[in-house]
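# Chains, contacts and geometry: an overview
Chain by chain, the residues run as shown.
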Amino acid sequence: MLKASGFCVCCLSALLLSVGCGGSTNGTNEGSGGGGGSGVGGTGNGGAGGEPPGYSSQVDLLLVVDNSAGTKAHHERLAESAGDLIRRLQNPDCVGGDGSRRTPSDPGEACPEGTERLHAPVSDLNVGVITSSLGTAGGDYCQGQNDQAHLLPTLRDSLEGASPEGVYELREGGDVEGLIGGVQDAIRSTGQSGCGFEMPLEAMFRFLADPKPYGSLERRPCSADDSANACVEFAGTDEALLAQRAAFLRPGSTVVVVMVGDENDCSVVAGGQSWIGLDDHVLQPRPTQTCATDPNSECCYSCQQAQKAGCPSLETECTAPTPNDELNLRCWDQKRRLGIDFLYPVDRYVAALRSKTIDHDDESLVNALFADGTRSTKQVHFLTLGGAPPGYLTEMNADGTTRNLSNAELASSDLWAQLVGDPSSYKPPQDPFMVESDLPRTGVSKLNGISPADTNAVNGGDEANAGYRLQYACLDPLSGPLECPAGDFCLCDKPDGNAACSSSGLQIAAPAYPTLRQFAVAQQAGGEIGSLCEYGKVPDRVDTGFGASYELLQQALESTVR
């Protein structure tokens, strides 16, 4: 739930003069992996000088989990499937060119003739779990809801089995099931009381790549006459995070990131005055009319800013009715709805996964993932599970099993435009189920022949009066109903018209919204995507329970785990 402290900025015209300061972080694929200061430690397989070998016997697995309201059902499914993933990493199947498949009795067993392992068995594994909850970039909502991208065992006293730094470790001959139990407990402990402005991409960046993670964000006066302390500045360095990163991220290791979230990323720029984008007491959603048709135009800006030279008069540009200003929607389509985009560009997160150097507050620094020169960029793998209709990302094999389409297959089939559009240029997806909207959406999907506005099995049908939330991309029936937890958020406190709920207020399905920014990062970084609405766990079926998505990761590991 979102809570405010009652803070109000009085000098808004002055406040908006410096919106956008605080900087963004992008990257370049150029540059070397040399240089120090990453804080990584442990043992690895990095090469001496020149380019790293590009493979390792060690795998460091980071799970980034959305812990905002309404995610309990997804946590239960992730916990179960994470166990399957770890078992599959430790003892990968033997597969044949004819599609035959067999799970060996143990990692040391040889594959039958004509088959081979998906990748080398992983006997040296680190697992970390962090949440999407990072507060509001110095704003006044989500007080006490900032996990700082710290590993969960350091934040939850009840968790056991991890190292003092919060890392779950498996070594040769170690207790696999014990490790799995600890990781599952961590996932379930995330809860659903994290900040409702989810920042999974920034949490990943902060934990893995940020060479200078700030210790805290502090409000300062923007100028001598600013009594509201309207600017945010970085204070100190997060030494605890650096210690956790050093314990988790080993030189030369192959890194796997699995990101799980049911809503679009809301990673707001930290520093400067970007916090106002998440504060409905400060900035009203009054953009110029130009924003509705051309959000990329210089004449698309907030009506609360000063008149821009060469643009139509604010007197004529600011006559439209104020858009829906429900607090939970403050991250949605900001440039069109607010006139200002307060979010980090997705390029920042592509750089975190693929670039050896990143721009950090106008300073070019070495990406912490590659700082010691022992890890190749191809050793970093990314999978995000988010909101997309069933069947959009998969196809059926001849034997009736399900196969996830790879990044390259989605590109060759021209599906990325349907699924993601281009968030960087504010171009929405072409498929109506993937369009973010608080109103019922028009059009019929070319991918399934269904309109989201009609009652259907994909998302249950758009809700006519959803105002407080966006429309679902999809929903997946639960095996049994969930009651509203006492004293906690209830997804079904407004059951009328909500297809995830029964008329009596029980949750009967796990919904997901379009996760466009996470999918865009996967697209551009060569990662993979899967749908939270295609869980369908069936015993002894490795293609179910997110198994088809995990298979894409295992196929990628074939060349980077040895």
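What you see as residue numbers is a count from 1 along each chain, following the sequence as written. A pLDDT threshold of at least 70 governs which residues receive local features in this predicted model, and a stricter bar of 80 or more applies before side-chain atom pairs are shown or counted, although totals over entire chains, interfaces and linings include all residues. Heavy atoms throughout the structure, all of them, feed into the side-chain values; hydrogens and water do not.

### Thoughts on the state of the cysteines
Cysteine sulfur pairs qualify as disulfides if the two atoms are within 2.5 Å. Going through the model one piece at a time under the given rule, you end up with nine disulfides. Between the sulfur atoms of Cys291 and its disulfide partner Cys300 the distance amounts to 2.1 Å. Measuring the twist about the S-S bond at about 110°, one finds the Cys291-Cys300 disulfide to be right-handed. The same class applies to Cys291 as to Cys300, namely buried. Only protein chains enter the area calculation, which uses a 1.4 Å probe; residues under 20% of their type maximum are buried, those over 50% are exposed, and those in between are partly exposed.

### Topic: the packing of aromatic side chains
Between rings of Phe, Tyr and Trp, where Trp is taken as its six-membered ring, a pair exists when centres lie within 6.5 Å; planes separated by under 30 degrees are stacked, by over 60 edge-to-face, and by other angles tilted. One pass over the full model with this rule turns up six aromatic pairs. With 6.2 Å between their ring centres and 85° between their planes, Phe205 and Tyr349 make a pair best called edge-to-face. Taken together, the residues Phe205 in helix 4 (residues 200-209) and Tyr349 in helix 9 (residues 347-354) connect sequence positions 144 residues apart. Tyr349 carries the same exposure label as Phe205, and that label is buried. Through a chain of ring-to-ring contacts, three or more aromatic side chains come together here, namely Phe205, Tyr344 and Tyr349. Charge over a ring is defined by NZ of Lys or CZ of Arg lying within 6 Å of the ring centre and within 35 degrees of the ring normal. For the cation-ring pair, Arg206 lies above Tyr214, with the distance from its terminal atom to the ring centre recorded as 4.5 Å. Secondary structure counts use DSSP, requiring at least four H or I residues in a row for a helix and at least two E residues in a row for a strand, with both numbered from the N terminus.

### Topic: the nonpolar core
The biggest cluster of nonpolar side chains holds 76 residues, and the ones touching the most others in it are Met204, Phe207, Leu208 and Leu419. Elements with a contribution of two residues or more to this core: strand 2 (58-65), helix 4, helix 5 (239-248), strand 10 (254-260), helix 9, strand 13 (380-386), helix 11 (416-419) and helix 12 (516-525). Among the elements that line this core, the one with the most residues is helix 4, at seven residues. Any two residues having at least one pair of non-hydrogen atoms within 4.5 Å are treated as being in contact. Excluding residues that lie within four positions of it along the chain, Leu419 makes contacts with Tyr392, Leu393, Leu410, Pro429, Met434, Leu516 and Ile529. Put simply, a nonpolar core is a bunch of buried Ala, Val, Leu, Ile, Met, Phe, Trp, Tyr and Cys residues held in one set by side-chain atoms that sit within 4.5 Å of each other.

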